[in-house]
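Examining the three-dimensional arrangement
Chain by chain, the residues:
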Amino acid sequence: MKIGVFVCHCGSNIAGTVNVGSVAEEALKLPSVAFASDTMYACSEPGQDAIIEAIKEHRLDGVVVASCSPRMHEPTFRKTVERAGLNRYMFEMANIREHVSWIGKDKDANTRKAVDLVAMAVAKLTQDRELTPKTFDINKRVLVIGGGVAGIQAALDCADGGLEVVLVEKTSSIGGKMSKLDKTFPTVDCSSCILGPKMVDVAQHPNITLYASSEVADVKGYVGNFNVSINRKATYVDWAACTGCGLCMEKCPSKKSRDVFNEEIGTTTAINIPFPQAIPKKASIDPEFCLKLTKGKCGVCEKVCPTNAIRFEQKQETAEEAVGAIITATGYDLFDYTRYEEYGGGRYADVITSLQYERLLSASGPTGGHIKRPSDGKEPKDVVFIQCVGSRDKSVDRPYCSGFCCMYTAKQAILTKDHLPESQSYVFYMDIRAPGKLYDEFTRRAMEEYGTKYIRGRVAMVYPKGDKYIVRGADTLMGAQVEVEADLVVLAVGAEAAKGAPQLAEKLRISYDAYGFYMESHPKLRPVETNTAGVFLAGSCQGPKDIPTSVGQGSAAAAKVLALFSKDQLESDPQVSVVDIKRCVGCGKCIQTCPFGAIEEMDFRGMPKANVIETICQGCGICTSTCPQGAIQLQHFTDNQILAEVNAICQQTPAQNLK
Amino acid sequence: MSSSLTFAYYPGCSGQGTSIEYDKSTRAVCKALGIELVDIPDWSCCGSSPAHTVDHILSAALSARNILQAEDMDVQGIITPCPSCLTNLKVASHRMRDEQFKEKVDDLLNEPCRNDLPIMSVLQVIYEKLGPKALAAKVTNPLKGLKLAPYYGCIMNRPPEVMDFDDCENPVAMDHLMEAVGAEVMPFPLKVECCGASFGVARNDVVTKLSGKLLDVAADCGAAAMVTACPLCQMNLDMRQDQINRANKSSHKMAVFYYTQLIGKALGLSDASLMLDKLCVDPGHLFREIETARTADAV
Amino acid sequence: MSANTGSELKIVGFLCNWCSYGGADTAGVGRFQQPTDLRIIRVPCSGRIDPLFVLKSLFNGADGVLVSGCHPRDCHYAEGNFYARRRLEVLKRFLPILGIDERRFEYTWVSASEGQKWKTVVQTFTERIHELGPAPKLDQCLMERAQAMAMAV
């Protein structure tokens, strides 16, 4: 076998702490290595061309590139060797950047380590075999989880692209956080005016099936062929019959029910349509507050409903959907504002969250768009905004910046002045982060045109004094303590991962970070992909994002799905398990352990044998380490291939081991 | 091990002088509640303000000497009424978890300190080991109608990673104990604000401003008295109340109790054992009002 | 950063491609400096790791073996790491029976986002192996006897 080794400088990324030249020299001494050289950027066009040339010139059978992580560029180089006529699996990578040059400064030790890693890759390559992918049919339907603005955009783009879309929304209406906003920055245009039509499009699009009040219960399968179970929660209303007339809401006697849509700043009826523009515009009953469901008497809605849609006996149902790809757009939740005891959120009625304030500003909110204090209904004169409540604060385990709070606070300060011209707004901030198009200009307007007083410093505490509140904080520019008397205090709460995000991730088999935000495949180059093929991300489930970015990601994820579905068949990864029929004793252990049901028993001349269904096998190799006979081997990660790497590191045999 | 609630007791220096009534009432209350206090033999300075501003190791060694003295006693832990002593003992113990730091401290001691005894405030023991319910069961003279502003001071709960007790911004332990003895706890928002502490000597104006605000807000909340757990807080609010009134042109006559005095009162202990006469602002009328109300109820 | 006793020892790592290998990448991207003794072998899943790989490494002169997979319940293949956990735990208890110090083998769970944790794992394990020193070599006369016996058979 003739192997070529290419050691990449990666500019100074590798060459800075690894003697790249001597790695190539040492590689050439290895058996089977016919060619070795160092190259400035192996992944660049000249770098790849040089590899192709070398393959042709030296008639190489396989290639080792020692550069960055295979998680980064393995697909790139596999294509390269394929262009030179080699099988793409006759290629190995040695990760001498992330695992060597970036984590150590000792050049000698790094070089020794790099030589070892190259030797391991060469040893594995000598055991590698050519593999050919099979193709399989795909189901060109897509599941979108979450009906916020990112999910709506993704669903509409996929549907417009001709795909059948299943949209699952946890609450009784799509719209997400954006539907709760009054206006949006930096244009101050009405949120429901721009989101509303999109929501209507979702309802009317022939390609979209909407499951509201539903959650994903289970996901089985793999890219191209997922089977999804969806829990349809009991709404106690037959939505096929409900016309959304709202008569039940008028008559429901339980008027003190929790108003989730209005962030509990007001109350609603036990049977309700959360807001006028809700999609689907259907009523549902909150079982915690319904008199019929809690005490067994009432049933007024049942009497008044003109279409007899009320179903008190309704139970949760499960629906099954088959799809080929999944877009996760589950968004975020707000930081629990009661955790800052010093601000008194939850204890003082007039210390509210920014989203509650948004509902006070909204014409469709509980106050009809008049800013009134929750405690006494008076119009506030002095409004204090406190930024970074649950952002950039290690002490509450939220060290990250939520990104959009600076902007919505500026917007809310502007709107406050619009609503109440006599009012004065104050903003306590740490830094103003306004890096978008027209964003910084917008915060400037809040200060200069609208006279908002920006005070740079953290607030130490808020306490009531009479019917006002004293907000005490630091003014770090003045180097002084300041106290502001406020009628209303608005906490700019940060974003955190949606509740239940880790549990959903486990169902989807995708990764999440320490805070519960989903991990993208690559932080720069693959922002909407995950490491699980066929599962994509959009919006704030990956990290806090503002509306334009969420919409952009919704479209991006849709584009990825459309590209995936542009072929009628997908190539299966040939890194699957293969049974050596002569060694298999038909014990069936592999059948038991396979998590995917990819192994079946078959009859071979009257004897039971294991048989791998290639398109179902996901290539985990659990069967390989289970098989007592070593009869079933995961291609490209066979026992011999892994042991070749082991032997390359531990070169001494026991006999050589003697000193 | 001896009875279930036996602790090595560290009285602290102010308990011998300016806050002798805190020490006395703590001992009386603990006795009544079945918490046995055994004085740490030959206890010495905890290494408070002067030492720790100069040298952390020296300061820790002063505390560690007391911890060491307690280690041979058959006790469940070390407790002290004074938050300042508590801070020093706990910080020393916390820092000594670092092996290198501990070595240097041990060098200054006769023998190495084991550093395995829990260190708590008397408040924490009453609140966590006994609990408000058990306390309420022992009350004979409930302080019904007494409106209190609970004031914890700045160091009882902070820094949270060292003190590890109650919420550091909105503590509630004393609130619940006061409710247990029948008093009405007002929503006093400045529970953990600074009283000015030892600036009373060097910058009296700071204390009159900061402590003055505490009194103002307590009065605004409708409190008839304040209750505290710290000798320095109590002194600034009580003994300096005339100075504060003069400086701020206010006219507070706010009694400032130690929480142990009020628990003692509710348990029916004698005024002498609680040393209520040591308070500068006379609280007599408050108890007379409670008494009057109680007799009226009885009739 | 060279290891604390100066000379390098031989440590073999078996890492799951989806989590710990990514975690090691994340540590690299974060430039978290680590000792250089570890050589990492990438496997698709911790469930792919045959305990014999670990033994083979230790028999063939590795001074330590480190296995790392996804956190339990967070497996890319649903349940591979549960199999791994059982096998590796049994292996760990079995090592002393073979006369191998079980401290030379460790398994751990590190996700792709946990670069800092990976650095700590590598550092701690490398320090432990350096405290244990190089793996004991086989005794010359034992080897000769074994060879003689093999010849006789």
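Cut-off values and rules
Residues numbered from 1 in each chain as written. Chains lettered and ligands numbered in written order. Predicted model: local features only at pLDDT ≥ 70, side-chain atom pairs only at ≥ 80, totals over all residues. Heavy atoms only, no water. Helix = DSSP H or I, 4+ residues; strand = E, 2+ residues; numbered from the N terminus. Buried < 20%, exposed > 50% of the residue type's maximum accessible area, 1.4 Å probe, protein only. Contact = heavy atoms within 4.5 Å. Areas by Shrake-Rupley, 256 points an atom, 1.4 Å probe, with all protein chains shown as cover. Lys, Arg positive; Asp, Glu negative; His and termini not counted. Charge placed at Lys NZ, Arg CZ, Asp CG, Glu CD. Salt bridge = Lys/Arg side-chain N within 4 Å of Asp/Glu carboxyl O. Buried area = accessible area lost by both parts, 1.4 Å probe. Polar contact = N/O pair within 3.5 Å; in protein donor to acceptor, adjacent residues only side chain to side chain. pLDDT = per-residue confidence, 0-100. Patch = residues over 30% accessible without salt bridge, like charges linked within 9 Å, V, L, I, M, F, W, Y side chains within 5 Å. Core = buried A, V, L, I, M, F, W, Y, C linked by side-chain atoms within 4.5 Å. Phe/Tyr/Trp six-rings, centres within 6.5 Å; stacked < 30°, edge-to-face > 60°. Lys NZ or Arg CZ within 6 Å of the ring centre and 35° of its normal. Pairing = 2+ DSSP bridges. Axes fitted to C-alpha atoms, helices over the stretch in contact; angles between N-to-C directions.

Some details on the overall build of chain A
The number of helices and strands found in chain A is 18 helices and 34 strands. Here chain A, with 659 residues, has 57% of them falling under the buried criterion. Partitioning the contacts of chain A with sequence separation of at least 6, the portion at a separation of at least 24 is 69%. Surface exposure of chain A reaches about 27100 Å², of which carbon and sulfur atoms provide 50%. Chain A carries 75 positive and 78 negative side-chain charges, and their two centres are separated by 3 Å.

Some words on the overall build of chain C
Across its full length, chain C holds 5 helices and 4 strands. Tracing chain C from N to C terminus, the helices and strands come up as β-α-β-α-β-α-β-α-α. Each of the three principal axes of chain C carries a C-alpha extent, and together these read 55 × 40 × 20 Å. Out of the 153 residues in chain C, the part that is buried amounts to 58%.

Quick word on the pattern of salt bridges
On inspection of all chains with the given rule, the structure shows 64 salt bridges over all chains. For the salt bridge of Asp 116 of chain A with Arg 39 of chain C, the shortest nitrogen-to-oxygen distance reads 2.7 Å. Taken together, the positions of Asp 116 of chain A in helix α5 (residues 107–127) and Arg 39 of chain C in strand β2 (residues 38–43) put the pair across two chains. You can call Arg 39 of chain C buried: its relative accessible area is 4%. Three or more residues joined by partner-sharing salt bridges are found here, namely Asp 350, Arg 373, Asp 376, Lys 378 and Asp 467 of chain A.

Some thoughts on the interface of chain A and chain C
Taken together, the contact between chain A and chain C spans 60 residues of the former and 56 residues of the latter. Summed over both sides, the interface between chain A and chain C buries roughly 5000 Å², with carbon and sulfur atoms accounting for 56% of that surface. Where chain A touches chain C, the interface holds 6 salt bridges. A salt bridge links Glu 8 of chain C to Arg 112 of chain A; the shortest N-O distance between them is 3.5 Å. On the surface where chain A and chain C come into contact, there are 22 residue pairs in polar contact (both at pLDDT 80 or more).

What to know about the confidence of the model for chain C
Residues and elements named next belong to chain C. For chain C, per-residue confidence averages 90 on the pLDDT scale, and residues scoring 70 or more make up 95% of the total. Here helix α5 (residues 140–152) stands out as the element of chain C with the lowest mean pLDDT, 77, in contrast to β2, whose mean of 97 is the highest. Low pLDDT (under 50) marks residues 1–5, which in the prediction has 15 contacts with non-local residues, meaning those over four places away or in another chain. Prediction confidence for the complex, expressed as pTM and ipTM, is 0.84 and 0.91 respectively.

Overview of a negative patch on the surface
All names here are of chain A. Negative charge collects at one region of the surface, where Glu 45, Asp 49, Glu 53 and Glu 57 lie side by side. Looking at the secondary structure, you find Asp 49 in helix α2 (residues 45–58). You can call Asp 49 partly exposed: its relative accessible area is 35%.

Things to note about the nonpolar core
Core analysis: the largest hydrophobic core is formed by 136 residues, its most contacted members being Ile 327, Tyr 357 and Ile 386 of chain A together with Phe 188 and Met 226 of chain B. For this core, the element with the most residues is helix α6 (residues 149–160) of chain A, which contributes 8 residues. Non-local contacts of Ile 327 of chain A, meaning those with residues more than four positions away in its chain, are made with Val 142, Leu 143, Val 144, Ile 145, Ala 154, Cys 158, Phe 536, Ala 538, Ala 557, Ala 558 and Val 561 of chain A. Of all hydrophobic cores here, the second largest spans 78 residues; its members include Ala 61, Leu 117, Leu 146 and Met 156 of chain B.

Here we look at the packing of aromatic side chains
In total, this model carries 25 aromatic pairs over all chains according to the counting rule given. Centre to centre, the rings of Tyr 348 of chain A and Tyr 469 of chain A are 5.9 Å apart; their planes meet at 50°, and the pair counts as tilted. Of this pair, Tyr 348 of chain A sits in the loop between β19 (332–334) and β20 (351–353) while Tyr 469 of chain A sits in strand β25 (residues 468–475); the two residues are 121 residues apart in sequence, bridging distant segments of the chain. The two residues Tyr 348 of chain A and Tyr 469 of chain A agree in class, both being buried. Measuring from centroid to centroid gives 6.4 Å for Tyr 151 of chain B and Phe 188 of chain B, while their planes differ by 85°, and the two rings are edge-to-face. With a gap of 37 residues between them, Tyr 151 of chain B in strand β5 (residues 147–151) and Phe 188 of chain B in the loop between β6 (184–185) and α10 (199–202) connect regions that are remote in the sequence. What makes Tyr 151 of chain B buried here is its relative accessible area of 1%. A residue is classified by how much of its surface remains accessible, and Phe 188 of chain B, at 2% relative accessible area, is buried. A network of ring pairs unites the aromatic residues Tyr 332, Phe 404 and Tyr 408 of chain A as a single cluster. The ring centre of Trp 102 of chain A lies 3.7 Å from the NZ or CZ of Arg 31 of chain C, which sits over that ring.

With respect to a nonpolar patch on the surface
Taken together, the side chains of Phe 59, Phe 94, Ile 97 and Leu 98 of chain C define a hydrophobic patch exposed on the protein surface, amounting to about 390 Å² of accessible area. Among the residues examined, Leu 98 of chain C registers a relative accessible area of 37% and is labelled partly exposed.

Quick word on helix α11 (residues 354–361) of chain A
Across the 8 residues that make up α11 of chain A, a large majority, 8, are buried. Turning to α11 of chain A, the residues buried within the fold contact β8 (183–184), β19, β20, β21 (382–389), α12 (405–419) and β27 (488–493) of chain A.

Brief notes about the sheet that holds strand β10 (residues 208–211) of chain A
Strands belonging to one sheet form pairs held by backbone hydrogen bonds; the direction of such a pair is parallel or antiparallel. Residue and element names in this part refer to chain A. Taken in spatial order, the 5 strands of this open sheet run β10-β7-β6-β18-β29, and their pairing is parallel. The two strands at the open ends of the sheet, each matched to only one other strand, are β10 and β29 (535–537). Strand-to-strand twist in this sheet, taken as the mean axis angle between neighbours without regard to direction, amounts to 20°. Strand direction decides the pairing type here: strand β18 (residues 325–328) and β29, joined by 3 bridges, are parallel. Paired with Ile 326 across the bridge in β29 is Val 535.

Section: the environment of Ala 70 of chain B
Residue and element names in this part refer to chain B. Secondary-structure assignment places Ala 70 in helix α3 (residues 56–71). We classify Ala 70 as buried; its relative accessible area is 0%. Separated by 47 residues in the primary sequence, Ala 70 and Leu 117 place their C-alpha atoms 8.4 Å from one another. If we ignore the near neighbours within four places in the chain, the residues touching Ala 70 are Ala 8, Ile 40, Val 75, Ile 78 and Leu 117.

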